Amino acid sequence: MGRGWASERLIEAAQGGDAESIAAVVHGAHPHVRRFAEHLCASPQDAEDAAQEALIVLFRKIGSLRASAALASWMFRIVRNECVRRTRRLLDQRGEEMEPVASAEEEVLRRLEADLLAQAIRALPEAQRRVLIMRDVLGYSGRAVAGSLGLSVPAMKSHLHRARAALRESLNERTPPSSSA
């Protein structure tokens, strides 16, 4: 048996179209894919849906996988993309539910603030930017962020703290103090 949930021989047989091998690979992948999805998705239902979607893609496209050793990374990439897609859809739906802006002036100010925030995030060092986006924007758990970036949890927390502090400082420098009447 190879490392992971399926031997190289089993994966190669599945790539060749053997129905029993495909079923064995899909069945063996499910707990691993599900566990990974639970760390990335916003809800248990989204995690199950993302895992199922990944298994469907595996079932349909295992023949197109070039290297049997790449199966796990291929599956986890599918899960990650599905979780991100579901999160974006959820955010889009929430955006549609929000009340319309009261005036054109408020809309311009909101866009200006969003642009300043985006510029400040882009100015962060790459490691800090990635941690901040995964943790604060996409809502991944600290362990999931650390694991996917190859960091220890304390290192991830350090990057996150520095990113938040730098972002706060940058935004304080760029935005004029509000005048209260």
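Residues numbered from 1 in each chain as written. Predicted model: local features only at pLDDT ≥ 70, side-chain atom pairs only at ≥ 80, totals over all residues. Heavy atoms only, no water.

Chemist: Give a detailed account of the overall build of the chain, specifying residues and quantitative values.
Modeler: A count of helices and strands for the chain gives eight helices and zero strands. For the chain, the succession of helices and strands along the chain, N to C, is α-α-α-α-α-α-α-α. The burial tally for the chain puts 31% of its 181 residues in the buried class. Within the chain, counting contacts between residues at least 6 apart in sequence, those at least 24 apart form 58% of the total. Just so you have it, the chain exposes about 12000 Å², and 52% of that area is on carbon and sulfur atoms. (Helix = DSSP H or I, 4+ residues; strand = E, 2+ residues; numbered from the N terminus. Buried < 20%, exposed > 50% of the residue type's maximum accessible area, 1.4 Å probe, protein only. Contact = heavy atoms within 4.5 Å. Areas by Shrake-Rupley, 256 points an atom, 1.4 Å probe, with all protein chains shown as cover.)

Chemist: Explain the packing of helix α6 (residues 126-137) against helix α7 (residues 142-149) residue by residue, including any values.
Modeler: Between α6 and α7, the least distance of the axes is 9 Å, while the angle of their chain directions is 145°. Viewed along their axes, α6 and α7 form a crossing whose handedness is right-handed. Contacts between α6 and α7 pair Arg130, Val131, Met134 and Arg135 from the former with Gly142, Val145, Ser148 and Leu149 from the latter. The residue inventory of the contact of α6 with α7, partitioned by class, reads four nonpolar, two polar and two charged. (Axes fitted to C-alpha atoms, helices over the stretch in contact; angles between N-to-C directions. Left-handed = near helix turned anticlockwise from the far one by under 90°. Nonpolar A, V, L, I, M, F, W, Y, C, P; charged D, E, K, R; others polar.)

Chemist: Explain the pattern of salt bridges to me, using residue names and the numbers behind them.
Modeler: Two side chains of opposite charge can pair, provided their charged atoms sit close to one another. By the definition in use, this model includes eight salt bridges. Note that Arg86 is salt-bridged to Glu82, the shortest N-O span being 3.1 Å. On the criterion of helical spacing, the pair formed by Arg86 and Glu82 is a turn pair, its members being four residues apart in helix α4 (residues 71-97). Bridged by salt links that share partners, the residues Asp46, Asp49, Glu82, Arg85 and Arg86 form one connected network. (Salt bridge = Lys/Arg side-chain N within 4 Å of Asp/Glu carboxyl O.)

Chemist: So what's going on with α6? Which residues, and what values?
Modeler: Taking 1.5 Å as the rise per residue, α6 with twelve residues should run 16 Å; its terminal C-alpha atoms sit 15 Å apart, in good agreement. Looking at α6, one finds that the buried residues are Gln128, Val131, Leu132 and Met134. With its phi angle positive at about 80°, Gly139 sits one or two positions after the end of α6. (Expected span 1.5 Å × (residues − 1).)

Chemist: How would you sum up helix α3 (residues 44-61)? Please name residues and give values.
Modeler: The end-to-end C-alpha separation of α3 is 25 Å, in line with the 26 Å expected for 18 residues at 1.5 Å each. Listing the buried residues of α3 in full gives Asp46, Ala47, Ala50, Ala51, Ala54, Leu55 and Leu58.

Chemist: Outline the environment of Thr87, listing residues and values.
Modeler: Mapped onto the fold, Thr87 is located in helix α4. For the pair Thr87 and Cys41, spaced 46 residues apart in sequence, the C-alpha to C-alpha distance is 7.4 Å.

Chemist: Tell me about the packing of helix α1 (residues 8-15) against helix α2 (residues 19-40), and please be specific about residues and values.
Modeler: It is the contact of α1 with α2, at a shortest axis distance of 7 Å, that shows an interaxial angle of 120°. Classified by the interaxial angle, the pair formed by α1 and α2 is oblique. Between α1 and α2 lies a crossing of left-handed hand. In this structure, α1 uses Leu10, Ile11, Ala13 and Ala14 to contact α2, whose residues at the interface are Ser21, Ile22, Ala24 and Val25. Along the lines of polarity and charge, the residues of the contact of α1 with α2 split into seven nonpolar, one polar and no charged. (Parallel < 35°, antiparallel > 145°, perpendicular 65-115°, else oblique.)

Chemist: Help me get a handle on the packing of aromatic side chains, residues and values and all.
Modeler: Applying the stated criterion across every chain, the model contains one aromatic pair. Taking 4.7 Å as the distance between ring centres and 45° as the angle between the ring planes, the aromatic pair formed by Phe36 and Phe76 counts as tilted. Of this pair, Phe36 sits in helix α2 while Phe76 sits in helix α4, placing them 40 residues apart in sequence. By relative accessible area, which is 25% here, Phe76 ends up partly exposed. (Phe/Tyr/Trp six-rings, centres within 6.5 Å; stacked < 30°, edge-to-face > 60°.)

Chemist: Go over the nonpolar core with me, naming the residues and quoting the values.
Modeler: Soluble globular proteins tend to bury their nonpolar side chains together. Core analysis: the largest hydrophobic core is formed by 40 residues, its most contacted members being Val25, Val33, Leu58, Leu71 and Met75. Put simply, the parts of the chain that give this core at least two residues each are α1, α2, α3, α4, α5 (104-122), α6, α7 and α8 (153-174). (Core = buried A, V, L, I, M, F, W, Y, C linked by side-chain atoms within 4.5 Å.)

Remember, this is a structural readout, not a statement about activity or role.
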